Amino acid sequence: MSEVKISAETRTEFGKGAARRIRRESKVPGVLYGHGSDPLHLTLPGHDLLLALRTPNVLISLDIDGKSNELAIPKSVQRDPIKGFLEHVDLLLVKRGEKVTVEIPVHAEGELAAGGNLLEHVLNALPVEAEATHIPEGVTVSVEGLEAGASVLAKDIVLPSGVTLAVDEDAVVLQVLAAQAEEAPAEGEGEGEEAAEA
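Residues numbered from 1 in each chain as written. Predicted model: local features only at pLDDT ≥ 70, side-chain atom pairs only at ≥ 80, totals over all residues. Heavy atoms only, no water.

## Some thoughts on the nonpolar core
Judged by nonpolar contacts, the single largest core of 24 residues is most densely connected at Ile73, Leu126 and Ile157. Mapped by element, the contributors of at least two residues to this core are β5 (68–79), β6 (86–94), β7 (99–109), β9 (125–131), β10 (139–142) and β13 (172–177). The leading source of residues in this core is β7, at four residues. Apart from the residues lying within four places of it in its own chain, the contact partners of Leu126 are Val102, Glu103, Ile104, Val106, Val139, Ala154, Ile157, Leu159, Leu165, Val167 and Val173. (Core = buried A, V, L, I, M, F, W, Y, C linked by side-chain atoms within 4.5 Å. Buried < 20%, exposed > 50% of the residue type's maximum accessible area, 1.4 Å probe, protein only. Helix = DSSP H or I, 4+ residues; strand = E, 2+ residues; numbered from the N terminus. Contact = heavy atoms within 4.5 Å.)

## Thoughts on the side chain of Thr43
Position of Thr43 among the secondary structure elements: in strand β3 (residues 37–45). Residue classification places Thr43 among the buried residues on the basis of a relative accessible area of 8%.

## Overview of the confidence of the model for the protein
Of all residues in the protein, 90% attain a pLDDT of 70 or more, and the chain-wide mean is 81. Overall, residues 191–198 carries pLDDT values under 50, and its contacts beyond four positions in sequence, including any with other chains, amount to zero contacts. (pLDDT = per-residue confidence, 0-100.)

## A look at the sheet that holds β7
Two orientations exist for strands paired in a sheet by backbone hydrogen bonds: parallel and antiparallel. Across the sheet, four strands lie side by side as β10-β7-β9-β12; this open sheet has mixed pairing. Pairing within the sheet leaves two strands with one partner each, and these edge strands are β10 and β12 (164–165). (Pairing = 2+ DSSP bridges.)

## Re the pairing of β13
The pairing of strand β8 (residues 118–121) with β13 spans four bridges and is antiparallel. Residue pairing for β13: Leu118 is matched across the bridge by Leu177. In this sheet, β13 lies alongside strand β11 (residues 151–153) in antiparallel orientation, the contact comprising three bridges. Looking across to β13, one finds that Ser151 is bridged to Gln175.

## Quick notes on the sheet that holds β13
With respect to topology, three strands assemble into an open sheet ordered β8-β13-β11, the strand pairing being antiparallel. Among the strands making up the open sheet, the edge pair consists of β8 and β11. When strand polarity is set aside, the average angle formed by the axes of neighbouring strands in this sheet is 15°. (Axes fitted to C-alpha atoms, helices over the stretch in contact; angles between N-to-C directions.)

Shown next, in the form of structure tokens:
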């Protein structure tokens, strides 16, 4: 997993007005917390942060005020619901060698059995425990030839070395649903309803 370096500044202004001023400067307000330390309020460069967050569970190396370097992973990201720009980010402080629980994306590959079946992602992301500097970007699951009624359980997914499940191993991650055929109304139905409406 790659590490992204971002320079951050501590901030002393709080509230909506201060947050708006920060965003006008193309920056993002954020909070760094964890390891029992007091939350540290930061201002982060918007563009750099946006690029970093394209990678799920990205490991961010924060250069804070040019004095201290901290490792963090994104815990909560708030975006503007219409324009999509970053409004606020919560970062979790991590240490090298430390295990963290995160959710990694599940990607399905392959063709289902013939018959117009549908693949349902019961879990879009799989909760796992991994070393903070070795969080996988996601897992790929083959659904080749699966028929209606088949499902993929958490325990069926091959995880990278050092990564363990943080969810019940029998949890359904993917399942194949039978295609729904449109049912024609039975004779006599509908006619009475139309007559009643008239």
